[in-house]
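Take a look at the letters that make up each chain.
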Amino acid sequence: MNASNPVVLRDSHAWWEAVKKDPEALVAWLLDQYRGEATAAGRIEMLRDAFAEPGTRAHRILGVIAGQERRHAVWVGDLLTARGIEPKIGAKRERYWKETLDVVRDLETGCAVGAHSERMRLERIEAIAADPEAPPDVRAVFERILPEERFHARAFAELAGAEALAATQGAHDLGRRALGLAP
């Protein structure tokens, strides 16, 4: 952030109110969601394979989460297709991950970064699911995703533990700020 281009912070409800009223912003966000869901499984499997022993509870849980992320990509892709938009993974300036991935040192810190990002995402999904004025097709997809995202946030936090969550909080705060989201 610099003085000529300050970051405007807003909470998830204010963010959603602005996005849902701007068709271009909504499409851009849906494409971001598609890309995020489609690429999340690979990141989670890399974390699992780097730090979790095959056959362990952590290995199994991370595998379940990766599979659910793939399913979410299909659901968001179907939503885009139904709206006449080609689901594609375009180039994206990494803002959040640029601030957070360097703190991953082991399974616990990797899961802590996952827990922080899932909770942040959960705030947005809950805002959409709770909004009776949200586009019905968008709300329906994110209502479907919501219970699994709640599971992801809880599972990552449990695998991380309090110490790793605290140790990665600063990086998460920087990433959240890079996205323009207020705590």
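Residues numbered from 1 in each chain as written. Predicted model: local features only at pLDDT ≥ 70, side-chain atom pairs only at ≥ 80, totals over all residues. Heavy atoms only, no water.

Undergrad: Account for the confidence of the model for the chain, with residues named and values stated.
TA: Interpreting fine coordinate detail is not advised for predicted regions of low pLDDT. Considering every residue of the chain, the mean pLDDT works out to 89; 91% of them sit at 70 or more. Ranking the elements of the chain by mean pLDDT puts helix 4 (residues 96–100) last, at 73, and helix 3 (residues 57–82) first, at 97. Residue range residues 1–5 is modelled with pLDDT below 50. Its contacts to residues more than four positions away, or to other chains, number three contacts. (pLDDT = per-residue confidence, 0-100. Helix = DSSP H or I, 4+ residues; strand = E, 2+ residues; numbered from the N terminus. Contact = heavy atoms within 4.5 Å.)

Undergrad: Account for helix 1 (residues 12–20), with residues named and values stated.
TA: For helix 1, the set of buried residues is Ser12, Trp15, Trp16, Val19 and Lys20. Along the axis of helix 1, the buried residues cluster in a sector spanning 115 degrees; they form a single face. On its buried face, helix 1 is in contact with helix 2 (23–51), helix 5 (107–129) and helix 6 (136–178). The backbone nitrogen of His13 has a side-chain oxygen 3.1 Å away, supplied by the residue at the start of helix 1, namely Asp11. (Buried < 20%, exposed > 50% of the residue type's maximum accessible area, 1.4 Å probe, protein only. Arc of directions from axis to C-beta. Polar contact = N/O pair within 3.5 Å; in protein donor to acceptor, adjacent residues only side chain to side chain.)

Undergrad: Describe in detail helix 3, supporting the description with residues and values.
TA: Helix length check: helix 3, at 26 residues, gives a terminal C-alpha distance of 38 Å against a target of 38 Å (1.5 Å per residue), a fit within 8%. Among the residues trailing helix 3, Gly84 stands out with phi positive, at a value near 80 degrees. (Expected span 1.5 Å × (residues − 1).)

Undergrad: How would you explain the pattern of salt bridges if you had to name every residue and give the values?
TA: Per the stated rule, a full pass over the model turns up 14 salt bridges. The salt bridge partner of Lys20 is Asp131, with a shortest N-O separation of 2.5 Å. Taken together, the residues Lys20 in helix 1 and Asp131 in the loop between helix 5 and helix 6 connect sequence positions 111 residues apart. The exposure class of Lys20 is buried, given its relative accessible area of 15%. The class for Asp131 is buried, based on a relative accessible area of 7%. With its nearest N and O atoms 3.3 Å apart, the salt bridge here joins Glu126 to Arg150. With Glu126 in helix 5 and Arg150 in helix 6, the pair connects residues that are 24 residues apart, well separated along the chain. For Arg150, a relative accessible area of 35% translates into the label partly exposed. Ionic contacts of the salt-bridge type, sharing partners, join the residues Glu17, Lys20, Lys21, Asp131 and Glu133 into one network. (Salt bridge = Lys/Arg side-chain N within 4 Å of Asp/Glu carboxyl O.)

Undergrad: I'd like a rundown of the packing of helix 2 against helix 6, residues and numbers included.
TA: Contact geometry for helix 2 and helix 6: axes closest at 14 Å, N-to-C directions at 30 degrees. When the axes of helix 2 and helix 6 are compared, the pair comes out roughly parallel. In this structure, the crossing between helix 2 and helix 6 has a hand that is left-handed. Listed contacts from helix 6 to Trp29, Leu30, Gln33, Glu37, Ile44 and Leu47 of helix 2 are Val138, Phe142, Ile145, Glu149 and Phe156. Within the contact of helix 2 with helix 6, the residues separate by chemical class into eight nonpolar, one polar and two charged. (Axes fitted to C-alpha atoms, helices over the stretch in contact; angles between N-to-C directions. Parallel < 35°, antiparallel > 145°, perpendicular 65-115°, else oblique. Left-handed = near helix turned anticlockwise from the far one by under 90°. Nonpolar A, V, L, I, M, F, W, Y, C, P; charged D, E, K, R; others polar.)

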